[in-house]
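# Structural features, examined
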Amino acid sequence: MTSVVWRARRPLHPERLADALPTVMAGVVRSRGHLWLASRPAAVVTWRSAGPHMELHEADRWLEPGDDSAWRNASPQRRTLASWFWHDYYGERRNALTFTGADLDRDRLRSALDAALLDDRELSLGWDSWAAFPDPLPGDVPL
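Heads up: these notes are all about the structure in this document. (Residues numbered from 1 in each chain as written. Predicted model: local features only at pLDDT ≥ 70, side-chain atom pairs only at ≥ 80, totals over all residues. Heavy atoms only, no water.)

### Considerations on the pairing of strand β3 (residues 43-50)
Inclusion rule: Strand pairing is assigned whenever DSSP detects at least two bridges linking the two strands. The secondary structure listing takes helices from DSSP runs of H or I that are at least 4 residues long and strands from runs of E that are at least 2 residues long, numbered from the N terminus.
Summarising the sheet, strand β2 (residues 28-35) and β3 pair through 6 bridges and their orientation is antiparallel. Note that in β3 the partner of Leu35 across the bridge is Val45. Pairing geometry for β3 and strand β4 (residues 53-61), over 8 bridges, is antiparallel. Bridge pairing links Arg48 to Glu55 in β4. The hairpin turn running from β3 into β4, its antiparallel successor, is 2 residues long, and Gly51 in that turn takes a positive phi close to 60°.

### Structural notes on the pattern of salt bridges
Pairs may arise between side chains of opposite charge once their charged atoms sit close together. Let me state the cut-off plainly: Throughout this description, the term salt bridge denotes a Lys or Arg side-chain nitrogen within 4 Å of a carboxyl oxygen of Asp or Glu. Each residue gets one of three labels from its accessible area relative to the maximum for its type: buried under 20%, exposed over 50%, partly exposed in between, using a 1.4 Å probe on protein chains only.
Scanning all chains against the criterion turns up 10 salt bridges. Between Arg40 and Asp135 there is a salt bridge, with the nearest N and O atoms lying 2.6 Å from each other. A residue pair is termed long-range when its members are at least 10 positions apart, and Arg40 in the loop between β2 and β3 and Asp135 in the loop between α6 (127-131) and β6 (140-142) qualify at 95 residues. Classification of Arg40 by relative accessible area gives buried; the value is 16%. Put simply, Asp60 and Arg78 hold a salt bridge, and the shortest N to O gap is 2.8 Å. Linking Asp60 in strand β4 with Arg78 in helix α3 (residues 76-84), this pair joins segments that are 18 residues apart in sequence. On the accessibility criterion, Asp60 (41% relative accessible area) is partly exposed. Salt bridges linked by common partners bring Arg40, Glu58, Arg61 and Asp135 together as one network.

Below you can see the structure in the form of structure tokens.
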């Protein structure tokens, strides 16, 4: 078995991610993590898969600077992780996925996910424009 970890600080374009899923999931037995989808900029989207089933679920909201209530209500572990990964512009937003499978092609998997990230031009459009990107990703995704 092989494990591959992928992390990125840019949001994912939902259409490109949906198109990349067959490549990303080839040979994957299990995967899990969380996403920052451009079309859902405030939502922490959890990613879980086992065999042919995959679930994307809006599990929480990213912590925002100045939202004292959300910070107080967050667990100590969540506050600690947020502070470790804090970025002055993005806050705690990030992508972090772990894939497990037999003979996974690390480069293919990472390249497919990297290609789904917003490019510089898309990134420069800003948060409001990102939210308008078409999002074909439902909560449950058949593979």
